[in-house]
Structure formats: structure tokens, C-alpha cells
Amino acid sequence: MSLLARVLQISSDKHSTKKSSSASTTITPVSSRTSQVSKSSSSPPQSVNQSPHSAYTLSINIESPPIVLYGAPGDCTGSIISGILKLTNEDSIELENVTLSLVQTMQYTKPFTLPNSSSVSGCKKCNTRVTDLARWDILTVATSFPPGEHAYPFSHLLPGSLPPTSKLGSLHSQSFIKYELVAVVTDTDGKVKKLVIPVNIARSIIRGPDRNSVRIFPPTEVTTNAVLPNVIYPKATFPIELKIDNIVSSSQQRRWRMRKLSWRIEEIQK
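Residues numbered from 1 in each chain as written. Predicted model: local features only at pLDDT ≥ 70, side-chain atom pairs only at ≥ 80, totals over all residues. Heavy atoms only, no water.

*Asks:* How would you explain the pairing of strand β12 (residues 211-216) if you had to name every residue and give the values?
*Replies:* For β12, a buried count of zero out of six residues is recorded, marking the element as mostly open to its surroundings. Bridge analysis of β12 against strand β13 (residues 223-228) gives six bridges, and the strand direction is antiparallel. Considered in β13, the bridge of N212 is made with V227. Hairpin connection from β12 to β13: six residues lie between these consecutive antiparallel strands. (Buried < 20%, exposed > 50% of the residue type's maximum accessible area, 1.4 Å probe, protein only. Helix = DSSP H or I, 4+ residues; strand = E, 2+ residues; numbered from the N terminus. Pairing = 2+ DSSP bridges.)

*Asks:* Give a detailed account of the layout of surface pockets, specifying residues and quantitative values.
*Replies:* The calculated volume of the largest pocket comes to roughly 1,000 Å³. If you go around the largest pocket, you meet 30 residues; those closest to its centre are F217, T224, L242, S262 and W263. Mapped by element, the contributors of at least two residues to the lining of the largest pocket are β12, β13 and β14 (241-245). The element contributing the most residues to the lining of the largest pocket is β12, with four residues. The calculated volume of the second largest pocket comes to roughly 430 Å³. Taken together, 11 residues make up the lining of the second largest pocket; nearest its centre are I232, Y233, P234, E267 and I268. Its residues assigned to classes, the lining of the second largest pocket comprises seven nonpolar, one polar and three charged. (1 Å grid on protein atoms, 1.4 Å probe; cavity = no way out; pocket = protein on both sides within 12 Å on 5 of 7 lines; lining within 4 Å. Points joined across faces, edges and corners; volume = space filled by probe spheres on them. Nonpolar A, V, L, I, M, F, W, Y, C, P; charged D, E, K, R; others polar.)

Here's what the structure looks like:
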């Protein structure tokens, strides 16, 4: 039986228990009551054998494809994340609380902190922000689970304005943006088991029309026309078209001699 079915069955079980207890209530004579009390008092006390705490395992299976946000943050419609939270136990267990959260953590350190602000730069808690994007309260009442595998499906639409998973600065920098699925299970003994799975969110800018750049080199009549793609993807090849005109004048009387031609692509970070 899945976790979802167990949660939905709690309310119905409570209602049926109250109904059956009220229907089976009968009036007992006084003599029979006293006899029952004497019998119960004379019988030796019976010890209740409690089953030891059995181990269980948690797992999360992501069924949705890799999360990619297409387009600019203002134009993107978002992406759906869906999966199944599974709980596997060999013996009967009793759990009190089960929650699942999708958490966003943003941490900024130097040089990405606010300039001329000693109070913020010196406060470690101010540089980290944790936000719950989604939360599922799977179980809120103590419930026993028979041996087997119990599953709870979940899904959530991520907004297109979210920043992608990234690490800012160098490899040793502590500035990052990350997303995690956090499952927390608490049993009746107060023991807590936690499962954390990272979630990678990427953004892809949709390629549009190419960019055309024209450069004139005075005092000559030479012009250069460059055609570049408006979007360059990491670890990918991209075409560049470079065309030079007017090396020979229109009257065919002047010809410019080219001694050197060099070009480069620069990356500017702000």
C-alpha cells in the first residue's frame, strides 16, 4: 500500500472505529461488573512484548527529464519536476511524520557581497538564504506500515524566473546557487532520518537571428562584415563568417596590401 493510500485511509479508519465502538456499547448488570473486576484483579499481569525498532530505507526516483528552463526569465513558462518517494521496510514500523521539500539555497561570499557594507559582509547568516519552493506534508499522524514498499508520487511546476544551478567565481569559491530535494522521516521513538538529493536546474537561451557587424578601416576603403550567432553555448562549436570588401578600389587603380589579419573572441565578466 502506498504512502498516499495510507494517509487517505487514516481519516476513514478513525471514523469507522468511532462508529463500531458506539454500536458495540451495551449496559452490563452490576453483579456481572463486580465479577469481571474480581477476575481481572486475581489474574496475573501480562507483559506486552514490543517489537524492536526495525530499519527502513528511503529513496527518491526522479521520473521527469532533466530540468531545463528555455528562454529569458521573463518569457520562460517553467519546467515540471516529478518523481516518487519510496519507503522500504522489512518489518512493521510506526512513523509519526513524513515531509518532502524542494529547497533553494543561495550563498554569496566575496567579491559578490554588497560593497561598503561591513554589517552584511561580517554576518555569515546574512550571506545565505534558504527558500522552500515546494513542500509536501505526506504524513502528519502516527501510522503503522506493514512490511513492503510504500510509494508517494510528487510533482511541482518550477517557475521560469528561477536562476539556474551555478557556482560563482573560481573553483574554490563558496558562492553558489543550488537546489535539493529533502525528505525527513520521524518515527514514534523520535528518531529522524533525512535524505538529501541534489537537483540540477539549467537554463538554455533560445537562438535567434545572427548578429551582423560592419567595421570600416579609415583612411582606406576596406570594410569588414562579421556574422556571429547571438547565442554561444558552452562546450559547443559555432560558425563565424568574416568578409573583407573594397581591397581593390572600384576604379581598379588602387589596391590595398594586407600584411596581417588577426581576430579573437573576448569574454567579459561584470
